[in-house]
Amino acid sequence: MGIRENIQEVREKVAEAANRAGRDPGAVKLVAVTKTVPVDKVMEAYNCGLRDFGESRAQELLQKCGHLPPDANWHFIGTLQTNKVKKIIGRAGLIHSLDRIALAEEIDRAARETGQVARVLLQVNIGSEETKHGLPPGQLVSFAARVAGLPGLPVCGLMAIAPRCGEPGEMKPFFREMKALFDQVKESVPGLFMRHLSMGMTGDYQVAVEEGATILRVGTAIFGAR
Ligand SMILES: *Cc1c(COP(=O)(O)O)cnc(C)c1O
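In this text the structure is predicted, and so the values were computed from the model without any measurement.

Draft legend 1. Examining the site of the ligand more closely. Taken together, Val33, Lys35, Ile77, Ile161, Met201, Thr202, Arg217, Val218, Gly219, Thr220 and Arg226 make up the full set of residues near the ligand. Here Lys35 contributes a side-chain N or O atom positioned 2.6 Å from an oxygen atom of the ligand. The side chain of Arg226 places a nitrogen or oxygen atom 2.8 Å from an oxygen atom of the ligand. Protein burial of the ligand: of its 390 Å² of free accessible surface, 88% is covered by the chains. Residues of the shell around the ligand, tallied by class, amount to five nonpolar, three polar and three charged.

Okay, structure coming up:
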């Protein structure tokens, strides 16, 4: 199948999942994850109507966003080193992976110095996996409260990568806990702009939609295996 058919299929499955959950499919944003995907294929996805693209490396994001039309929205979804923040802040509209104070302070500082703002999501290590980045769920509220006061750092929601399980259904409790954490942070921490819950990838995006995801990050199901 080609990219157009793949996107069509993902959209249909998202709509089905949203309907099952009584949600508006239009409230779910599809981010095409383009890491390792050549520019011509990314452009093909753009020509199918996609406008949101995700990269996990600063260099690759900078290189690709120069080749796409200016109305493409870029999402930074990987581990971000503080020394790369200045380079991507005007290019990535949303950084999904804030998980430490030093990075929060650097994004805030870079925003005030450059006059460019990047919205951010707090990454949560929802499966408490040693190999994964992200805040431990138990530290999320205090971290959110600490960064809420930084003027150059609009916190717009949460992001998680669910642990790999055998069946998509096994992800459900993790996604459900993310939604609960989202609601908790939204209710208990003033000064945030909680709107987005970024969760769900190729293997589990339908479950994520059923559990309240507002942003899906899908690579393989659109572009094929990397
Ligand atoms: C690669 C990646 C994705 C997309 O993964 P697929 O399984 O190819 O859909 C989503 N989120 C992050 C953070 C990634 O690094």
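Draft legend 2. Representation of the packing of aromatic side chains within the structure. In total, this model carries one aromatic pair according to the counting rule given. Seen from their ring centres, Phe53 and Trp74 are 5.4 Å apart, and the 35 degrees between their planes marks the pair as tilted. Taken together, the positions of Phe53 in strand E2 (residues 52-55) and Trp74 in strand E3 (residues 73-76) put the pair 21 residues apart, joining distant regions of the chain. Trp74 shares its class with Phe53; the two are buried. One Lys or Arg, Arg51, reaches over the ring of Tyr46 and ends 3.6 Å from the middle of that ring.

The rules behind the values
Residues numbered from 1 in each chain as written. Predicted model: local features only at pLDDT ≥ 70, side-chain atom pairs only at ≥ 80, totals over all residues. Heavy atoms only, no water. Near = heavy atom within 4 Å. Polar contact = N/O pair within 3.5 Å; in protein donor to acceptor, adjacent residues only side chain to side chain. Areas by Shrake-Rupley, 256 points an atom, 1.4 Å probe, with all protein chains shown as cover. Nonpolar A, V, L, I, M, F, W, Y, C, P; charged D, E, K, R; others polar. Phe/Tyr/Trp six-rings, centres within 6.5 Å; stacked < 30°, edge-to-face > 60°. Helix = DSSP H or I, 4+ residues; strand = E, 2+ residues; numbered from the N terminus. Buried < 20%, exposed > 50% of the residue type's maximum accessible area, 1.4 Å probe, protein only. Lys NZ or Arg CZ within 6 Å of the ring centre and 35° of its normal.

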